[in-house]
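Tertiary structure, described
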Amino acid sequence: MTVQSNTVHSLLGRCVALTIIGTSVIFGASEAAATPTEATTTTTTTTTTTTVASSTTTTIAPSSTTSTPTTAPTTTPPAPLVVGLSPSPAPPERGTQAQVAETLPPPPTTTTIANGLPADSGTGRRAVYSKSKQRVWTVEANGVVSQTHAVSGRLTWDQPLPGTYSVFSRSGYTCNIKNPAICWRYMIRFAKGSDGDNIGFHEIPVNTTTGQPVQSEAQLGAALSGGCVRQATADAQYMWNWAPVGTKVVVLP
């Protein structure tokens, strides 16, 4: 404003003054125009700063919360349970540990049933036929008598001779070669008679003419046979199942 007063008396000065004034106005306008820009920039800067601050606060807060360790509540363990036990009694007196008697030998692994089996009846699995006792024993391989039963045979010195034989044939049903009307079941042949006839264990024969057995089971134990060894039906069936071909047969006087 001081420059404008000094140049008012000259046209040139007026022009200069006008020019200066115009420049001032332009300059002022430029300053005025710049002022809002700065303000806007300032506002924008403030807004940006506020946004960053808000973002920073939002990001840090959870991180701070997460990093804080959680302390578990302290629990005091219960006191141990103590049970009073009475003292153990003294062990009983067992005496001396020394062996005072000789150890008995173990029992035999094979035993013989007390059924009157003759001592000289051989060994191994066998059928024993005593002519004098009119009795048969079946003896297993371990020496145990599995069965004994009364029979009816012959007491003469032959039919059959005493000795050791072997079953050589069997027939479910057969008849006497000299008297075909006398027949029987479960024939187990083991020897030959003096006339070449077969001798074996079998059921009490039946006279097919009359349909009657030649003797009763109650008569077993008596020597009533011509040479074969007659048995009750149940005993004949047992022998049939027990004595296959090859079974040893010991005949005693």
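Whatever comes next refers back to the structure up there.
All figures in this text were calculated on a predicted structure; none of them were measured in a lab.

Reading guide: rules and limits
Residues numbered from 1 in each chain as written. Predicted model: local features only at pLDDT ≥ 70, side-chain atom pairs only at ≥ 80, totals over all residues. Heavy atoms only, no water. Core = buried A, V, L, I, M, F, W, Y, C linked by side-chain atoms within 4.5 Å. Buried < 20%, exposed > 50% of the residue type's maximum accessible area, 1.4 Å probe, protein only. Helix = DSSP H or I, 4+ residues; strand = E, 2+ residues; numbered from the N terminus. Contact = heavy atoms within 4.5 Å. Phe/Tyr/Trp six-rings, centres within 6.5 Å; stacked < 30°, edge-to-face > 60°. Lys NZ or Arg CZ within 6 Å of the ring centre and 35° of its normal. Arc of directions from axis to C-beta.

Looking at the nonpolar core
Proteins that are soluble and globular tend to have nonpolar side chains buried together. Counting residues in each nonpolar core, the largest one holds 16 residues, and the members touching the most others are Tyr 129, Val 136, Ile 188, Phe 190, Phe 201, Val 229 and Val 249. Elements with a minimum of two residues in this core: β1 (126-130), β6 (182-192), β7 (198-203), α3 (233-242) and β11 (248-252). Per-element tally for this core: the top contributor is β6, with 3 residues. Among residues more than four places away in sequence, those in contact with Tyr 129 are Gln 134, Arg 135, Val 136, Val 151, Gly 153, Arg 154, Pro 160, Phe 201, Val 229, Val 250, Val 251 and Leu 252. In this structure, Leu 117, Trp 137, Val 145 and Leu 252 belong to the second largest nonpolar core, which totals 7 residues.

Some words on the packing of aromatic side chains
One pass over the structure, following the stated rule, counts 3 aromatic pairs. The interplanar angle of 65 degrees and the centroid separation of 6.0 Å between the aromatic rings of Tyr 165 and Phe 190 together place this pair among those described as edge-to-face. With a gap of 25 residues between them, Tyr 165 in strand β4 (residues 163-166) and Phe 190 in strand β6 connect regions that are remote in the sequence. Given a relative accessible area of 23%, Tyr 165 falls into the partly exposed group. One aromatic cluster in this structure is built from Tyr 165, Phe 190 and Phe 201. Sitting above the plane of the Trp 242 ring, Arg 125 keeps its charged end 3.8 Å from the centroid. Over the aromatic face of Trp 240 sits the side chain of Arg 170, whose NZ or CZ is 3.8 Å from the ring centroid.

Description of α3
Among the residues making up α3, those that are buried are Asp 235, Ala 236, Met 239 and Trp 242. Down the axis of α3, the sector holding all buried residues measures 130 degrees, keeping them to one side. Of the exposed residues in α3, those oriented more than 90 degrees away from the buried face are Ala 234 and Asn 241. Against the buried residues of α3 lie β1, β2 (135-139), β3 (145-150), β6, β7 and β10 (229-231).

Digging into unusual backbone geometry
The amide bond that connects Gln 159 to the next residue, Pro 160, takes the cis arrangement and shows omega of -10 degrees. In this structure, Pro 160 sits in the loop between β3 and β4. Phi at Gln 134 is positive, roughly 50 degrees, even though this residue is not glycine. As for its position among the elements, Gln 134 is in the loop between β1 and β2.

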